[in-house]
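Listed below, chain by chain, are the residues.
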Amino acid sequence: MSVQSSDAQQTKTNAEQEIINLSKKKWDWMADKNVDSLNVLFDDKAMFIHMGGTWGKAQEITTIKSGGIWYKKAEVYSVVVNMFGNTAILLNDIDLVAGVGGNEVTNPFMVTEVYIKENGKWKMGSLTFSHLMRPVKMK
(Lines give C-alpha, C1' and ligand atoms only; values in the text may rest on other atoms or scores of the structure.)
Protein backbone atom coordinates (compact mmCIF):
# COMPACT_ATOMS: atom_id res chain seq x y z
CA MET A 1 0.00 0.00 0.00
CA SER A 2 1.30 3.44 -0.82
CA VAL A 3 0.56 6.43 1.38
CA GLN A 4 1.53 9.88 0.27
CA SER A 5 0.80 13.46 1.18
CA SER A 6 -1.35 15.56 -1.11
CA ASP A 7 1.60 17.99 -1.18
CA ALA A 8 4.91 16.16 -1.25
CA GLN A 9 6.77 19.35 -0.23
CA GLN A 10 4.66 19.89 2.88
CA THR A 11 6.40 19.10 6.16
CA LYS A 12 4.28 16.97 8.48
CA THR A 13 4.11 17.60 12.21
CA ASN A 14 4.76 14.65 14.50
CA ALA A 15 1.05 14.40 15.28
CA GLU A 16 0.10 14.43 11.59
CA GLN A 17 2.64 11.72 10.76
CA GLU A 18 1.46 9.69 13.76
CA ILE A 19 -2.12 9.79 12.43
CA ILE A 20 -1.02 8.88 8.89
CA ASN A 21 0.90 5.89 10.27
CA LEU A 22 -2.03 4.87 12.48
CA SER A 23 -4.42 5.05 9.54
CA LYS A 24 -2.13 2.83 7.47
CA LYS A 25 -2.00 0.29 10.32
CA LYS A 26 -5.79 0.45 10.54
CA TRP A 27 -6.14 -0.49 6.84
CA ASP A 28 -3.73 -3.41 7.44
CA TRP A 29 -5.67 -4.51 10.54
CA MET A 30 -8.94 -4.35 8.60
CA ALA A 31 -7.48 -6.43 5.74
CA ASP A 32 -6.12 -8.97 8.25
CA LYS A 33 -9.41 -8.97 10.24
CA ASN A 34 -7.33 -8.06 13.31
CA VAL A 35 -10.33 -7.21 15.48
CA ASP A 36 -8.26 -7.15 18.70
CA SER A 37 -6.22 -4.16 17.49
CA LEU A 38 -9.28 -2.51 15.94
CA ASN A 39 -11.24 -2.94 19.17
CA VAL A 40 -8.55 -0.90 20.97
CA LEU A 41 -8.41 1.74 18.20
CA PHE A 42 -12.17 2.29 17.85
CA ASP A 43 -13.72 4.45 20.58
CA ASP A 44 -16.76 2.86 22.21
CA LYS A 45 -18.92 5.66 20.75
CA ALA A 46 -17.37 5.45 17.25
CA MET A 47 -19.68 5.53 14.23
CA PHE A 48 -19.10 3.87 10.86
CA ILE A 49 -20.83 5.23 7.77
CA HIS A 50 -20.95 2.90 4.76
CA MET A 51 -22.78 2.82 1.43
CA GLY A 52 -25.19 0.26 2.92
CA GLY A 53 -25.76 1.66 6.40
CA THR A 54 -24.49 3.34 9.53
CA TRP A 55 -23.64 1.58 12.77
CA GLY A 56 -21.50 1.66 15.90
CA LYS A 57 -18.33 -0.04 17.09
CA ALA A 58 -19.85 -3.39 18.09
CA GLN A 59 -21.50 -3.89 14.70
CA GLU A 60 -18.33 -2.83 12.82
CA ILE A 61 -16.20 -5.31 14.80
CA THR A 62 -18.80 -8.05 14.22
CA THR A 63 -18.99 -7.21 10.50
CA ILE A 64 -15.20 -7.41 10.13
CA LYS A 65 -14.84 -10.57 12.24
CA SER A 66 -17.63 -12.41 10.35
CA GLY A 67 -16.38 -11.30 6.94
CA GLY A 68 -19.65 -9.46 6.21
CA ILE A 69 -17.32 -6.81 4.83
CA TRP A 70 -13.76 -7.92 4.21
CA TYR A 71 -11.54 -4.91 3.57
CA LYS A 72 -9.08 -6.81 1.39
CA LYS A 73 -6.96 -3.94 0.07
CA ALA A 74 -6.99 -0.17 0.31
CA GLU A 75 -4.83 1.52 -2.31
CA VAL A 76 -4.26 4.99 -0.87
CA TYR A 77 -3.54 7.72 -3.44
CA SER A 78 -3.47 10.77 -1.19
CA VAL A 79 -3.75 11.67 2.47
CA VAL A 80 -4.66 15.03 3.98
CA VAL A 81 -4.59 15.59 7.74
CA ASN A 82 -6.12 18.58 9.51
CA MET A 83 -5.44 19.03 13.21
CA PHE A 84 -7.89 20.80 15.54
CA GLY A 85 -6.45 20.67 19.05
CA ASN A 86 -6.73 17.05 20.20
CA THR A 87 -8.77 16.08 17.12
CA ALA A 88 -7.39 14.94 13.77
CA ILE A 89 -9.45 14.65 10.60
CA LEU A 90 -7.81 12.54 7.93
CA LEU A 91 -9.00 12.29 4.33
CA ASN A 92 -7.87 9.31 2.23
CA ASP A 93 -8.48 9.12 -1.52
CA ILE A 94 -8.55 5.35 -2.04
CA ASP A 95 -9.63 2.47 -4.18
CA LEU A 96 -10.98 -0.24 -1.90
CA VAL A 97 -11.12 -3.91 -2.81
CA ALA A 98 -13.63 -5.54 -0.49
CA GLY A 99 -15.56 -8.74 -0.12
CA VAL A 100 -19.22 -7.85 0.43
CA GLY A 101 -21.85 -10.55 0.67
CA GLY A 102 -19.52 -13.07 -0.95
CA ASN A 103 -18.75 -10.80 -3.92
CA GLU A 104 -15.49 -8.95 -4.52
CA VAL A 105 -16.03 -5.28 -5.38
CA THR A 106 -13.68 -2.36 -6.02
CA ASN A 107 -14.87 1.17 -5.34
CA PRO A 108 -13.27 4.62 -5.33
CA PHE A 109 -13.83 6.39 -1.99
CA MET A 110 -12.90 9.49 -0.12
CA VAL A 111 -12.64 8.15 3.41
CA THR A 112 -12.96 10.54 6.33
CA GLU A 113 -11.40 9.36 9.58
CA VAL A 114 -11.82 11.32 12.81
CA TYR A 115 -9.38 10.66 15.65
CA ILE A 116 -9.43 12.11 19.17
CA LYS A 117 -6.39 12.05 21.44
CA GLU A 118 -7.28 11.26 25.05
CA ASN A 119 -4.86 10.33 27.80
CA GLY A 120 -2.00 10.31 25.29
CA LYS A 121 -3.68 7.78 22.93
CA TRP A 122 -5.48 8.26 19.63
CA LYS A 123 -8.95 6.72 19.33
CA MET A 124 -11.06 6.60 16.18
CA GLY A 125 -14.37 8.41 16.59
CA SER A 126 -15.74 8.08 13.06
CA LEU A 127 -15.04 6.41 9.72
CA THR A 128 -17.05 7.53 6.68
CA PHE A 129 -16.88 6.10 3.17
CA SER A 130 -18.00 8.60 0.50
CA HIS A 131 -18.25 7.03 -2.95
CA LEU A 132 -16.42 9.05 -5.61
CA MET A 133 -17.58 9.61 -9.18
CA ARG A 134 -14.07 9.08 -10.56
CA PRO A 135 -13.20 5.74 -12.16
CA VAL A 136 -11.19 3.18 -10.21
CA LYS A 137 -7.47 3.89 -10.66
CA MET A 138 -6.22 0.50 -9.42
CA LYS A 139 -5.03 -1.86 -12.13
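See the structure printed just above.
Parameters at a glance
- Residues numbered from 1 in each chain as written.
- Predicted model: local features only at pLDDT ≥ 70, side-chain atom pairs only at ≥ 80, totals over all residues.
- Heavy atoms only, no water.
- Helix = DSSP H or I, 4+ residues; strand = E, 2+ residues; numbered from the N terminus.
- Phe/Tyr/Trp six-rings, centres within 6.5 Å; stacked < 30°, edge-to-face > 60°.
- Buried < 20%, exposed > 50% of the residue type's maximum accessible area, 1.4 Å probe, protein only.
- Lys NZ or Arg CZ within 6 Å of the ring centre and 35° of its normal.

Novice: Quick question: what am I supposed to make of unusual backbone geometry here?
Specialist: Residues apart from glycine generally show negative phi values, whereas peptide bonds are mostly found in trans. The phi torsion at K33 lies on the positive side, around 55°, for a residue other than glycine. Looking at where K33 falls in the secondary structure, it is placed in the loop between α1 (14–31) and α2 (35–41). Of note in the backbone geometry, N119 takes a positive phi value of approximately 55° without being a glycine. Summarising the element assignment, N119 is placed in the loop between β5 (103–118) and β6 (121–131).

Novice: What am I meant to see in the packing of aromatic side chains here?
Specialist: Given two aromatic rings, one states the distance between the centres and the angle between the planes to describe the pair. If you walk through the whole model with that rule in mind, you get 4 aromatic pairs. An angle of 65° between the planes, with centres 6.2 Å apart, marks the rings of W27 and F129 as edge-to-face. On the criterion of sequence distance, the pair formed by W27 in helix α1 and F129 in strand β6 is long-range, its members being 102 residues apart. Overall, F129 belongs to the buried group, its relative accessible area being 6%. One residue, K26, lies across the ring of W27, its end atom 3.2 Å from the ring centre. In this arrangement the basic side chain of K33 is found over the ring face of W70, its NZ or CZ atom lying 4.5 Å from the centre.

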